[in-house]
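# Residue-level structure breakdown
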Amino acid sequence: MNWYGRSLASGFLAVLAGLGLSLQVQAQTYPTRNITMIVPFAAGGPTDVIARIVTGHMAQTLGQTIIIENVVGAGGTTATTRAARAANDGYTLITGHMGTHAASVPLYPKLAYHPEKDFEPVGLLAGTPILILARKDFAPKDLKEFIAYVKANESKVNAAHAGVGSVSNVSCELLNSVLGVKPIGVPFNGTGPAMNALVAGQVDYMCDQIVNAVPQINGGTIKAYAVATPERNPSLPNVPTTTEAGLPAFQAQAWNAIFAPKGTPPDVVAKLNAAIVKALDDENVRKRLLELGSVIPPAADRTPAALGTLVKSEIAKWTPVVKPVN
């Protein structure tokens, strides 16, 4: 190699070394400005509520404000696509869930992102059991009556959801599959608006994450037929499980977690994960999450690696359940 080639090679290596040093310094000083947390649904829904509770504490740990940005559309995939294309510097994150980072894969054949290929898992925030809910004046009094009623009136009854691919949509698709019915689906731009419609009596029923439903159930504005978990939830001790109520085949629990764009520096991911862990160990954060019926993940399930494994397993779980949208 001549002197010119050696000079170019030396210069290139110097640039790479400088870039590596720059990234290392950036990771060590991160964060130096506000962080944007994209929530792929409307304000007031379960994902939004959990994100605000946990990131409020994370902001204290990180020493920077975390700004919640609600971006609605396409069952959360619009916002998730945007997050996947954001700069991988740790300043744009997303609170995703079972719908956006698992069920979306088989649901949308032309999905603009892939949960495993386009994101760095940061940490699991909470598990959220699924409830079968109805407007307060819906005729069936219990789950057995609900099943019989929906089967007899499937062309008339309607079920609210937060858009195709959302947790509320996918969960009810699973319920409909178990029951062998095809009710009318009514989409909304988020679980919050869908819940408002249920409270107002504009729709008949929905399958929703417990976080969104506890205040309404306790307030008597809606009714709960069952929780789709093996055991009753402490926040709703009087609501039976689906097994107790006569539908053991319907079991469903969603989850919420934080993801960063692929290529986000490992040190940045580690700092964010440490902030999540600290938040979930905080007595006030735990109290607020538990009051809403959330399941706080054990320490072993809070790591980035554990979240990556969860996403992989959830994609495999929901692929045979949901049907592609053409």
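Rules used in this analysis
- Residues numbered from 1 in each chain as written.
- Predicted model: local features only at pLDDT ≥ 70, side-chain atom pairs only at ≥ 80, totals over all residues.
- Heavy atoms only, no water.
- Axes fitted to C-alpha atoms, helices over the stretch in contact; angles between N-to-C directions.
- Helix = DSSP H or I, 4+ residues; strand = E, 2+ residues; numbered from the N terminus.
- Parallel < 35°, antiparallel > 145°, perpendicular 65-115°, else oblique.
- Left-handed = near helix turned anticlockwise from the far one by under 90°.
- Contact = heavy atoms within 4.5 Å.
- Nonpolar A, V, L, I, M, F, W, Y, C, P; charged D, E, K, R; others polar.
- Buried < 20%, exposed > 50% of the residue type's maximum accessible area, 1.4 Å probe, protein only.
- Pairing = 2+ DSSP bridges.
- Right-handed = clockwise from strand over helix to strand, strands pointing away.
- Expected span 1.5 Å × (residues − 1).
- Core = buried A, V, L, I, M, F, W, Y, C linked by side-chain atoms within 4.5 Å.
- Disulfide = S-S within 2.5 Å.

## Considering the packing of helix H4 (residues 99–107) against helix H12 (residues 304–318)
Where H4 contacts H12, the two axes come as close as 8 Å, and the packing angle between them is 40°. If you check the angle between H4 and H12, you find them oblique. Seen from above, H4 lies across H12 with right-handed handedness. Contacts from His101, Ala102, Ala103, Val105 and Pro106 in H4 reach Val311, Glu314, Ile315 and Trp318 in H12. Per-class residue counts for the contact of H4 with H12 are seven nonpolar, one polar and one charged.

## Quick word on the pairing of strand S3 (residues 92–97)
Counting buried residues along S3, six of its six residues qualify, which places the element largely inside the surrounding structure. Of the strand pairs in this sheet, strand S1 (residues 35–39) and S3 are connected by three bridges, and their pairing is parallel. Bridging across to S3, Thr36 finds its partner in Thr92. Taken together, the four bridges between S3 and strand S9 (residues 253–261) define a ladder with antiparallel strand orientation. Directly across from Thr95, in S9, lies its bridge partner Ile258.

## Examining unusual backbone geometry
With omega at -5°, the peptide bond leading from Tyr30 into Pro31 counts as cis. Within the secondary structure, Pro31 sits in the loop between helix H1 (3–29) and S1.

## Side note on the pairing of strand S5 (residues 158–161)
Covered by surrounding structure in S5 are Asn158 and Ala160 together with Ala159 and His161, the residues of both alternating faces. Relative to strand S6 (residues 184–187), S5 runs parallel, the two being bridged by four bridges. Bridged to His161 within S6 is Pro187. Viewed along the sheet, the connection from S5 through helix H6 (residues 167–179) into S6 turns out right-handed.

## Overview of the environment of Gly76
Assignment of secondary structure puts Gly76 in the loop between strand S2 (66–70) and helix H3 (77–84). For Gly76, a relative accessible area of 1% translates into the label buried. Along the sequence, Gly76 and Val164 sit 88 residues apart, while their C-alpha atoms lie 8.7 Å from each other. Ignoring sequence-local partners within four residues, the contact set of Gly76 consists of Pro40, Phe41 and Thr100.

## Here's the deal with H6
Over its 13 residues, H6 extends 18 Å from the first C-alpha to the last, a length consistent with the 18 Å expected when each residue adds 1.5 Å. Counting buried positions along H6 gives ten out of 13 residues, so the element sits mostly inside the fold. Taken residue by residue, H6 has Val167, Ser168, Asn169, Val170, Ser171, Cys172, Leu174, Leu175, Asn176 and Leu179 as its buried positions. Immediately beyond the C-terminal end of H6, within one or two residues, lies Gly180, with a positive phi of roughly 75°.

## Describing the nonpolar core
In this structure, Leu143, Phe146, Leu175, Tyr205 and Phe250 are the most contacted members of the largest nonpolar core, which totals 50 residues. Top contributing element to this core by residue count: H6, with six residues. By size, the runner-up hydrophobic cluster in this structure holds 49 residues, among which are Ile35, Ala213, Val214 and Ile258.

## With respect to the state of the cysteines
When the sulfur atoms of two cysteines share a covalent bond, that bond is a disulfide. A complete count under the given rule lists one disulfide for this structure. With a sulfur-sulfur separation of 2.3 Å, Cys172 is cross-linked through a disulfide to Cys207. An S-S torsion of about 80° defines the bridge between Cys172 and Cys207 as right-handed. Of this pair, Cys172 sits in helix H6 while Cys207 sits in strand S7 (residues 205–209), and the two are 35 residues apart along the sequence. You can call Cys172 buried: its relative accessible area is 5%.

The values are spatial; any link to function lies outside them.
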